[in-house]
Amino acid sequence: MKKVLLCLMFFSQWLLLGAQTRSIIGKVSDQTDGQPLPGVSIKVKGTNIGTSTDEEGRFNLQTSLNNLSLEVSFLGYESQTVTVAANNNTPLNIRLVASDNKLNEVVVTALGIERKAKSLTYSTQTVKGDELTRVKDVNPMNNLTGRISGLQINRSSSGMGGSVNIVLRGMKSNRSNQPLYVVDGLPITNTSGSGSEGPFGGGTDKGDILSTLNADDIASINVLKGASASALYGSQGANGAIMITTKKGAAGRMRLDISSGVTIDKPFYLPKLQYKYGQSTPDSEESWGEAGSFSDPVKDFFDTGTTFINSVSFSGGTEKMQNYFSYGNTTNKGVLPTNTFDQHTVSLRNTSNFFDNKLSFDGSLMYSYQKIHNRPASGLYFSPLSGLYMFPRGQDFEKYKTFEYFSSSRNLYLQDWWNINADAGLTGTHHQQNPFWVLHRNPTDQNRNNIIGQAQLRYNITDWLNVTARGTLNKRWDKWQRRTYAGTQGVISGETIAGVLNDNGRYQREEGESTALYGDLLVNGNKQFDDWNLTFTAGTSINDVRESGWILDQRRLAIANVFLLSNIYRNSPITSLTETANKRQVQSLFGSANIGYKEKVYVDLTARNDWSSTLAFTPNKSKGYFYWSAGLTTILSELMTLPAFINYSKLRFSYAQVGNDVAAFSTFPVNTLATGTLTANVSGPYKGLPLKPEISRSFELGYEGRFFNDRVNIDLALYKTNTKNQYFSYDGPVGAVYTTVFLNAGNVENKGIELALGVDAIKTGRFTWNTGVNFTANRNKILELAPGLGERYSIGGNFNVLRLGGSFGDFWGRTFLRDANGTLIVDENGRPQGGPDGYLGNNNPKSIIGWNNTVSYGDFSLSLTIDGRFGGQVISITQGYLNSFGVSQESADARDRGGVDVPAVQADGTPWQGLLPAQAYYGAIGNRDGIIEGQIYDATNIRLRELSISYKLPIKWRAVQQASLSLSGRNLFFFKNDAPYDPELNTTTGVGGQGYDIFGLPTTRSFGLTLKASF
């Protein structure tokens, strides 16, 4: 307790550094209805001293200055300057007038540069920080779903803190389609897609850097959607950028903010299983037996998950120095038994001014630590759900909750399952294990440390010209291990040596670290020339990323179940030991200029040249690769007289060309060394052709309008992007020098429409209702592939292919054999026959719609988000297995009807009479080797994404500025979903793993309670 008090005293002194001699208090309200305005910016003119109003519109600003002027500004209102004399201690009563338009709105753009929204020639959308914390989530990116047009988020089915796959304006590249993530203007390095690919699984999602951010530290997120918006970031911004602006201290009295929330999670969209039909035979894995009444092992298997998210922040300072400190903690017990997630995040930010505000410093440090036990995995091998769902009906599940027995022959505990018992000679199959054995005897543990440190110095040369030097360090350390005990299912257990070594278990361990260094030097200017305004930036940057690590997979242990490196069996080679290293550096020169005429017409230009280390040993080595963008914006409402109901009208057009490099060590492949074996390089450029940069060219046409006294606003965008010269790696032709070849090929086109519509439906006194709709429709087409690739190129291991004339996200797999009329062909037992591999569908939705509502009445507020994805298909291998094993409700319903009603003919053309036998039909299409066409489902779904009700507590204690209590829910129900699982979940966040389900954790319904208070 003494240490805690000393820390609090230290931070209090640190935050309040410098004596405050004067307090200026007041209230800001609307000129028309007198309603208080929260969040109004109050700033002392010519300084960085400022504060903002609370929920009652009140403010308290402390300063040592005497005669001064206050600049009062708020979105949607005319700014106002208020002069305060030295001897004036009377509370101020400031009334703001609603502006006819929002021309002075400022947004954060590339490189962290603030620009007037009206001058932008491309599409952006901003989400405020309070919208990200309304319904708590460990990964704040999940709260962007439904709020941004043009954005699609798919989540990993790995529970709390899992990775997310974010795509802006469609898939473009076979390498990565994730946008660049930028914190306070400086880029950070997110982890690549992770998780299991293919039906066997076992590859656990390691999470991403985004989940380490504390949502309560985020002031806003601005999404730069197209290449024009993010062109200044170069190849890193080829897929757009997500600009995260964090909170910082403000001059004035110390502020203490506390947020404490608890969330309860329950699985709610589980597979529909049957308990009417029993096991086929006593030794069978399947349940096609006689009818009866059998117990349900699933209903009591899952736990009620609990998540506690707490954070506290201190902020304050003087006109010379402002500070912000926060601590956040997340503690989660998952719905999957034994799964836990714990995270600690500490953030520190300082802003200081020197030499009469000529020189300013802004520095921050964020550290996070994650500890995860048994993060859920997908697939047949290490997911407990395969054994749970497919447990033969009629067997006694309760018996196997004691998942192990003592083996006198081995003198240790081994797995006990209805078909796995080493002493009884039961070896089981690769389809399933005892779920409790998987949880307790195949556990995983992960530790992650992450640091993001940033600093920038800015010197004002004149009132319109400044130079800025900035740098960031993003350092990450990861440790992961899986301990597979002796007695685990044979195909994934330890290896034996006949007569010498038993199965003593398997030890998998990974350790790695990455260091990303970024620095830039910028010259920024903003000069007014009569009717003209010039805003420009010129600069240079360097981005250096280095990764290293090692991966051990040891299947031969000297002593059973001792998981130590010192327990590797000495008389046999290590199964697999690989050390990894990766380096990439990009050096850049860039510039931008925005020219405005009378604030009616703006021209925006950018140019950048990158030199990437991955393009060494190519003709582009010296010249790098150059790209540029240009845009034009016209404020129609300023250029011409429009009808009175049109308050603001803007038309914009932009073109951008953005480059990208190739994979590391592609232009100069190296030999590999793994487990003590040197493997000579067998890869190289296709036919010796030098690799070159990938290029994306993008056009965008947009319109923005505000109508009926700014109560209706619209942002419409049409775009088209062509990505050429993509980097491919594939097996070379027979007889070629290299068995693996690299080449540039392809032309992928994305075109679409985005619409963001907002309406202040009701705005009267204490009652308001704001509603908004975000609409996205994207069409993707592969116009070209290299002849060497053939007509198809496989990406990932989940039936995803690129094919000429097709689209990103196409599924290609085994189809039904059909006759000339398209009728299924079956054998004499009514079993459908498999045909050739063919097109099965596409996992991308045709359109995405999000509907957001906020209703306020007095101290009560209700927010609601409904979103839907329309079109697209998904593959559920889970449902295929459940059908073929006879444990799904679908298979039981078919038995009740007497079979499956599908027209069919036999091989000789004779029509099949009656219904197809259910077991024959589902046995043919089910599992990973079946007819995949029969496992395709419509991905259309509409859900109540979020619901939150908050109440402002009427606390009169003067020390409490504001306090609120909110009740929230997430994923409350589906209005429509025809797929057997949540189509938003994926086994992996990699490019080639979207739209695929194989025994992944089911989606959850969450209810939360959050208390927030400011002092």
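Not measured: the values here are computed from a predicted model.

## Some points on the overall build of the protein chain
Next up, step 1: Broken down by element type, the protein chain carries nine helices and 55 strands.
Next up, step 2: Taken over C-alpha atoms, the radius of gyration comes to 31 Å for the protein chain, in line with the 31 Å a tight globule of 1015 residues would show.
Next up, step 3: Out of the 1015 residues belonging to the protein chain, those deemed buried represent 56%.
Next up, step 4: Of all intrachain contacts in the protein chain linking residues separated by at least 6 positions in sequence, the fraction that spans at least 24 positions is 70%.
Next up, step 5: For the protein chain, the exposed area adds up to about 41,900 Å²; of that, 56% sits on carbon and sulfur atoms.
Next up, step 6: Within the protein chain, one finds 96 positive and 88 negative side-chain charges whose respective centroids are separated by 6 Å.

## Re the sheet that holds strand S11 (residues 151-156)
Next up, step 1: Strands sit in the order S12-S11-S53 across an open sheet of three strands; the sheet is mixed. Since the sheet does not close on itself, it has two edges, and those belong to strand S12 (164-168) and strand S53 (985-986), each with one partner.
Next up, step 2: Pairing between S11 and S12: five bridges, direction antiparallel. The residue bridging Leu-151 from the neighbouring strand is Leu-168, located in S12.

## Section: the nonpolar core
Next up, step 1: Judged by nonpolar contacts, the single largest core of 44 residues is most densely connected at Phe-301, Phe-302, Leu-385, Leu-388, Tyr-389 and Phe-999.
Next up, step 2: The set of elements that each furnish at least two residues to this core consists of helix H4 (385-389), helix H5 (435-441) and helix H7 (877-884).
Next up, step 3: When neighbours within four sequence positions are excluded, Tyr-389 is seen to be in contact with Leu-270, Pro-271, Leu-273, Val-298, Phe-302, Thr-878, Leu-882, Val-887, Phe-999 and Pro-1002.
Next up, step 4: The next biggest cluster of nonpolar side chains, apart from the first, holds 23 residues, and it includes Met-141, Ile-148, Leu-168 and Ile-242.

## Quick word on the pattern of salt bridges
Next up, step 1: Using the criterion set out here, one finds 45 salt bridges in the structure.
Next up, step 2: A salt bridge links Arg-147 to Glu-131; the shortest N-O distance between them is 3.5 Å. Taken together, the residues span a long stretch of sequence, with Arg-147 in the loop between helix H2 (129-132) and S11 and Glu-131 in helix H2 at a distance of 16 residues.
Next up, step 3: Arg-147 sits in the buried class, given a relative accessible area of 7%.
Next up, step 4: Notably, a salt bridge pairs Lys-206 with Glu-510, separated by 3.8 Å at the nearest N-O pair. Note that Lys-206 is positioned in the loop between strand S14 (186-188) and strand S15 (218-224) and Glu-510 in strand S28 (residues 506-529), a separation of 304 residues in sequence.
Next up, step 5: Residue Lys-206 is classed as buried on the basis of its relative accessible area, which comes to 18%.
Next up, step 6: One salt-bridge network, held together by shared partners, links Arg-169, Lys-225, Lys-650, Arg-652, Glu-700, Glu-704, Asp-715 and Glu-754.

## Points about the sheet that holds S15
Next up, step 1: If you walk across this open sheet you meet the five strands as S10-S15-S16-S13-S14, and the pairing is mixed. Edge positions in the sheet fall to strand S10 (124-128) and S14, since each of these pairs with one other strand and no more. Geometrically, the sheet is characterised by an average inter-axis angle of 25° between neighbouring strands, direction not taken into account.
Next up, step 2: When S15 meets strand S16 (residues 241-246), the two strands line up antiparallel, connected through six bridges. Looking at S16, one finds that Ile-218 is bridged to Thr-246.

## Description of helix H8 (residues 889-897)
Next up, step 1: Within the sequence span of H8, burial applies to Ser-891, Ala-892, Ala-894 and Arg-895. Seen along its axis, H8 keeps its buried residues to an arc of 160°; they face one direction.
Next up, step 2: Tucked into the core, H8 has its buried residues touching H7 and helix H9 (918-925).
Next up, step 3: Immediately beyond the C-terminal end of H8, within one or two residues, lies Gly-898, with a positive phi of roughly 95°.

## Some details on the packing of aromatic side chains
Next up, step 1: In this structure the tally under the stated criterion is 31 aromatic pairs.
Next up, step 2: Ring centres of Phe-406 and Tyr-413 lie 5.4 Å apart, and the angle between their planes is 70°; on these two criteria the pair is classed as edge-to-face.
Next up, step 3: Over the ring of Tyr-485 we find Arg-441; its NZ or CZ atom is 5.0 Å from the centre of that ring.

## Topic: empty space enclosed by the protein
Next up, step 1: Inspection of every chain in the model, using the stated rule, returns 18 cavities of 30 Å³ or more.
Next up, step 2: Space inside the largest cavity adds up to approximately 570 Å³.
Next up, step 3: Counting only elements with at least two residues in the lining of the largest cavity, the list comes to S11, strand S17 (252-267), strand S18 (305-317), strand S52 (962-977) and strand S55 (1004-1014).
Next up, step 4: Along the lines of polarity and charge, the residues of the lining of the largest cavity split into ten nonpolar, 22 polar and seven charged.
Next up, step 5: Of the voids in this model, the second largest cavity is the one considered here, and its volume is about 220 Å³.
Next up, step 6: As for the second largest cavity, its lining consists of 19 residues, and the residues nearest its centre are Val-183, Asp-217, Thr-246, Ser-347 and Met-366.

## So, a nonpolar patch on the surface
Next up, step 1: On the surface, a nonpolar cluster with roughly 590 Å² of combined accessible area is contributed by Phe-529, Trp-532, Ile-595, Tyr-597, Val-603, Leu-605 and Leu-632.
Next up, step 2: Those elements that place two or more of their residues in the nonpolar patch are strand S30 (576-597) and strand S31 (601-612).
Next up, step 3: Inspection of the secondary structure assignment puts Leu-632 in strand S32 (residues 625-635).

## Structural notes on the environment of Gly-796
Next up, step 1: Relative to the helices and strands, Gly-796 is located in the loop between strand S41 (792-794) and strand S42 (800-803).
Next up, step 2: The spatial distance from the C-alpha of Gly-796 to the C-alpha of Gln-994 is 9.4 Å, given a sequence separation of 198 residues.

## What to know about the pairing of strand S7 (residues 92-96)
Next up, step 1: Here S7 shows one buried face, formed by Leu-92, Ile-94 and Leu-96, and one open face, formed by Asn-93 and Arg-95.
Next up, step 2: Of the strand pairs in this sheet, strand S1 (residues 22-30) and S7 are connected by five bridges, and their pairing is parallel. Residue pairing across strands places Lys-27 opposite Asn-93, the latter belonging to S7.

## Overview of the pairing of strand S48 (residues 873-876)
Next up, step 1: Direction of pairing for S48 relative to strand S50 (residues 936-938): antiparallel, over a ladder of three bridges. Considered in S50, the bridge of Val-874 is made with Tyr-937.
Next up, step 2: Here S48 pairs with strand S54 (residues 996-997) via two bridges, running parallel. Of the residues in S54, the one forming a bridge with Ile-875 is Tyr-996.

## Digging into the side chain of Arg-470
Next up, step 1: Residue position: Arg-470 is located in strand S27 (residues 465-484).
Next up, step 2: Its relative accessible area of 7% is what places Arg-470 among the buried residues.
Next up, step 3: Within the local environment of Arg-470, its side chain forms a polar contact with the backbone oxygen of Leu-111, the two atoms lying 2.7 Å apart.
Next up, step 4: In this view, Arg-470 contacts Leu-111, Gly-185, Leu-186, Ala-455, Gln-456, Tyr-518, Gly-519, Asp-520 and Leu-522; residues no more than four positions away in its chain are not counted.

## Digging into H9
An α-helix turns once every 3.6 residues. As a result, residues three or four positions apart point the same way.
Next up, step 1: Within H9, seven of the eight residues are buried, which leaves the element mostly enclosed by the surrounding structure.
Next up, step 2: Listed as buried for H9 are Ala-918, Ala-920, Tyr-921, Tyr-922, Gly-923, Ala-924 and Ile-925.
Next up, step 3: The inward-facing, buried residues of H9 contact strand S43 (810-816), strand S44 (824-826), H7 and H8.
Next up, step 4: Count one or two residues on from H9 and you reach Asn-927, which has phi positive near 65°.

## Focus: unusual backbone geometry
Next up, step 1: Positive phi values are uncommon outside glycine, yet Asp-530 reaches one of about 50°.
Next up, step 2: On the secondary structure map, Asp-530 appears in the loop between S28 and strand S29 (532-554).
Next up, step 3: The exposed category is assigned to Asp-530, whose relative accessible area is 74%.
Next up, step 4: Even without being a glycine, Glu-599 presents a positive backbone phi close to 55°.
Next up, step 5: Relative to the assigned elements, Glu-599 resides in the loop between S30 and S31.
Next up, step 6: Glu-599 sits in the partly exposed class, given a relative accessible area of 35%.

## Regarding the environment of Leu-757
Next up, step 1: Positionally, Leu-757 belongs in strand S39 (residues 740-764).
Next up, step 2: Under the relative-accessibility criterion, Leu-757 is labelled partly exposed at 32%.
Next up, step 3: Along the sequence, Leu-757 and Asn-774 sit 17 residues apart, while their C-alpha atoms lie 6.4 Å from each other.
Next up, step 4: With residues up to four places along the chain from it excluded, the contact list for Leu-757 reads Val-712, Asn-713, Ile-714, Thr-771, Gly-772 and Val-773.

## Here's the deal with the side chain of Gln-343
Next up, step 1: Within the secondary structure layout, Gln-343 lies in strand S20 (residues 340-354).
Next up, step 2: Only 3.2 Å separates the side chain of Gln-343 from the backbone oxygen of Ser-211, close enough to count as a polar contact.
Next up, step 3: With residues up to four places along the chain from it excluded, the contact list for Gln-343 reads Ser-211, Thr-212, Leu-213, Gly-328, Asn-329, Thr-330, Tyr-369 and Gln-370.

What counts, and where the lines are drawn
Residues numbered from 1 in each chain as written. Predicted model: local features only at pLDDT ≥ 70, side-chain atom pairs only at ≥ 80, totals over all residues. Heavy atoms only, no water. Helix = DSSP H or I, 4+ residues; strand = E, 2+ residues; numbered from the N terminus. Rg over C-alpha atoms; globule rule 2.2 N^0.38 Å. Buried < 20%, exposed > 50% of the residue type's maximum accessible area, 1.4 Å probe, protein only. Contact = heavy atoms within 4.5 Å. Areas by Shrake-Rupley, 256 points an atom, 1.4 Å probe, with all protein chains shown as cover. Lys, Arg positive; Asp, Glu negative; His and termini not counted. Charge placed at Lys NZ, Arg CZ, Asp CG, Glu CD. Pairing = 2+ DSSP bridges. Core = buried A, V, L, I, M, F, W, Y, C linked by side-chain atoms within 4.5 Å. Salt bridge = Lys/Arg side-chain N within 4 Å of Asp/Glu carboxyl O. Axes fitted to C-alpha atoms, helices over the stretch in contact; angles between N-to-C directions. Arc of directions from axis to C-beta. Phe/Tyr/Trp six-rings, centres within 6.5 Å; stacked < 30°, edge-to-face > 60°. Lys NZ or Arg CZ within 6 Å of the ring centre and 35° of its normal. 1 Å grid on protein atoms, 1.4 Å probe; cavity = no way out; pocket = protein on both sides within 12 Å on 5 of 7 lines; lining within 4 Å. Points joined across faces, edges and corners; volume = space filled by probe spheres on them. Nonpolar A, V, L, I, M, F, W, Y, C, P; charged D, E, K, R; others polar. Patch = residues over 30% accessible without salt bridge, like charges linked within 9 Å, V, L, I, M, F, W, Y side chains within 5 Å. Polar contact = N/O pair within 3.5 Å; in protein donor to acceptor, adjacent residues only side chain to side chain.

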